[in-house]
Amino acid sequence: MSHILVLDLSNNQISGKLPRFHFNNTDNVWGDGDGILSLNSNKFEGSLATFPSNVRILDHSDNLLSGHLPQTDGTMNLILEVVKLSKNRFTGSIPVHLCKVPSIYVLDLSQNKFSGRLPGCLGNLIGLGAMDVSNNTLTGVVPSSLGSLTQLVSLHFHNNKFEGNLPLSLQNLTRLITLDTGNNFLTGSIPSWIGESLLNLRILNLQSNKFTGKIPLQLCQLSALQYLNLAQNHIIGTVPHCFSNFSGMITYQEISVNPIYYYEENILAVVKGIRWDYTKTLQFLTVLDLSSNNITGEIPDVLMNLVGLYSLNLARNHLKGQIPTMIGHLRHIESLDLSMNMLSGQIPQSLTSLNSLSYLNLSFNNLSGAIPVGNQLQTLVDPYIYEGNSGLCGPPVSSSCKGNNSSYNHVGGDIGQDDDEGLWFYFGMGPGFVVGFVGLFGSLHFIRRWRVAYFQMLENVYGWLAVSILVNLARLRRTFFLMSRYPSSLDVFRDGEHASCASKIL
């Protein structure tokens, strides 16, 4: 193995203890130090005894590895650039010895069981481009020293137990494209410096924290933003009208959201009421989620200019007024949730023009009138979509709109046209019957040949009916007679005598 440069056993079903690789500079196993060791997506178990010294890319993700991470030996000359240990069962704290490996460019420790505080010395890894420690049980505050990581493009803290405010020093991370701090215990107002300094952001996830106050207008400066999730906080105020500045939610941008070598960008998003993990399709995900807050006011009409939106979720707030009539402009939207607000008025007819819509929730508002009919809306037949709106009528809810002309509105007015045609149909039935009756019997009266043929046909039909009735009565009498006198002969009658009996009667 002295000349191996790459060892890739990934994406297999290899099980058992993780092999202990003995690499050292004397053997020069990895040539000039360009070694790649990929054992990811297997079923290796046990602990990681040591970090190999001559490996540049180390990928042990998606296995069953456990225990504490090894402490690095000060005498080892580690050249690690990529450390991917995600989706394992590692425990304990993140070792501070990793801070002594300045060559690390990607550090992915997500989806493990790490606890304790995030080491502040990670700020020494000034070449770091991606840090992902999501889905652990890390505690404490976010270290302000991370503001030194000016090359950072992707930062994930999702689903831990971080608390306190986001440190002001993070405003130095001007190259950030993804900032994901969702599902923690962060407090304070949403920092205005996010919109003032992090102008390259395309993905901002602050959901499920304890942020308070209003949405800072500075966020509107993030023109490239395509994913904004502020759901499940304590935000008040109104929806900023300047959200229409999010050009990333209007037109598709060909700029990649995954510029980090050997790291796949990801985000966990709730779309269509289901939690999805987006990776390869992330660049096509355009989402605005402000649900589960205390937002008031009306839905701004300018939000309907975000025509590239894939999902819009404003549920569980205190929004009032009507649903914007221009909602039909969101032609690419597939998921729309406006439930549990105080919206009133009728459902806009333009909703029927959303041909991509596959998830809709308007429940528990004060909506009234007829439910629009037509196009894609015809496929959304779950009554729960409209539950809690007592003023709504028409399919798919149980309340009928009879007597209300608006209840039969359809794209193009086809239903009203059908009603008129039905009315004229009934008006024409009476005269048509009279004309037909007079025409038939008038012809019989004046044309003798027709009259003779007609009554001869009636006589033949009468004769046929009379004979048929007599045959059937005789057959029944014969059957009852055989059953009473000769019970055993019933089968014979059924099998062979049926036809002869009938012929004799005739």
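Overview of the structure. Computed from a predicted structure; not experimentally measured.

## Focus on the overall build of the protein chain
Here is step 1: When helices and strands are tallied, the protein chain shows 4 helices and 30 strands.
Here is step 2: Burial status across the protein chain gives 45% buried among its 506 residues.
Here is step 3: Pairs at least 24 apart in sequence give 54% of the contacts found in the protein chain among residues at least 6 apart.
Here is step 4: Carbon and sulfur atoms make up 56% of the accessible area of the protein chain, which amounts to about 25200 Å² in all.

## Brief notes about the nonpolar core
Here is step 1: Membership of the largest hydrophobic core comes to 96 residues, with the highest contact counts inside it found for Met131, Ile194, Leu204, Phe243, Leu288, Leu360 and Tyr386.
Here is step 2: Taken together, the elements giving at least two residues each to this core come down to strand E5 (55-59) and helix H1 (193-197).
Here is step 3: Leu204 has contacts with Leu179, Ile194, Leu219, Leu222, Leu225, Tyr227, Leu228 and Asn229, leaving out every residue within four places of it along the chain.

## Some remarks on the environment of Pro383
Here is step 1: Within the secondary structure, Pro383 is located in the loop between strand E29 (366-370) and strand E30 (391-393).
Here is step 2: Judged by its relative accessible area of 42%, Pro383 is partly exposed.
Here is step 3: Taking the C-alpha atoms as reference points, Pro383 and Ser398, 15 residues apart in sequence, are found 8.3 Å from one another.

## Considering the state of the cysteines
As used in these notes, a disulfide is a covalent bond between sulfur atoms, one from each of two cysteines.
Here is step 1: A complete count under the given rule lists 3 disulfides for this structure.
Here is step 2: The side chain of Cys220 participates in a disulfide bridge whose partner is Cys242; the two sulfur atoms lie 1.9 Å from each other. Where Cys220 bonds to Cys242 through sulfur, the torsion about that S-S bond is close to 55°, and the disulfide is right-handed. Residue Cys220 is located in the loop between strand E18 (210-214) and strand E19 (227-229), and its partner Cys242 is located in the loop between strand E20 (234-236) and strand E21 (267-271); the two are separated by 22 residues in the primary sequence.
Here is step 3: Judged by relative accessible area, which is 7%, Cys220 ranks as buried.
Here is step 4: Across the disulfide from Cys393 sits Cys401; the S-S distance is 1.9 Å. Because the sign of the S-S torsion sets the handedness, a value of about 105° for the bond joining Cys393 and Cys401 places this disulfide among the right-handed ones.
Here is step 5: Cys401 sits in the buried class, given a relative accessible area of 7%.
Here is step 6: Sequence-ordered numbering of the bonded cysteines in the protein chain yields a pairing of 1-2, 3-4, 5-6.

Conventions used here
- Residue numbers restart at each chain and count upward from 1, following the sequence in its written direction.
- In keeping with the model being predicted, local features are shown solely for residues with a pLDDT of at least 70 and side-chain atom pairs are shown and tallied solely at 80 or more, while totals for entire chains, interfaces and linings include all residues.
- For the side-chain quantities, the full set of heavy atoms in the structure was used; hydrogens and water were omitted.
- In this description a helix means any DSSP run of H or I spanning at least four residues, a strand means any run of E spanning at least two, and both kinds are numbered starting from the N terminus.
- A 1.4 Å probe rolled over the protein chains alone gives each residue an accessible area, and that area as a share of the maximum for its type sets the label: buried under 20%, exposed over 50%, partly exposed in between.
- Between two residues, a contact is recorded if the distance between any of their heavy atoms is within 4.5 Å.
- Only the protein chains shown count as cover for residues, and all accessible areas are computed by the Shrake-Rupley method using a 1.4 Å probe.
- Buried Ala, Val, Leu, Ile, Met, Phe, Trp, Tyr and Cys residues that are joined via side-chain atoms within 4.5 Å together make up what is termed a nonpolar core.
- Cysteine sulfur atoms are paired as a disulfide whenever they fall within 2.5 Å.

Scope: geometric values only; no functional claims are made or implied.
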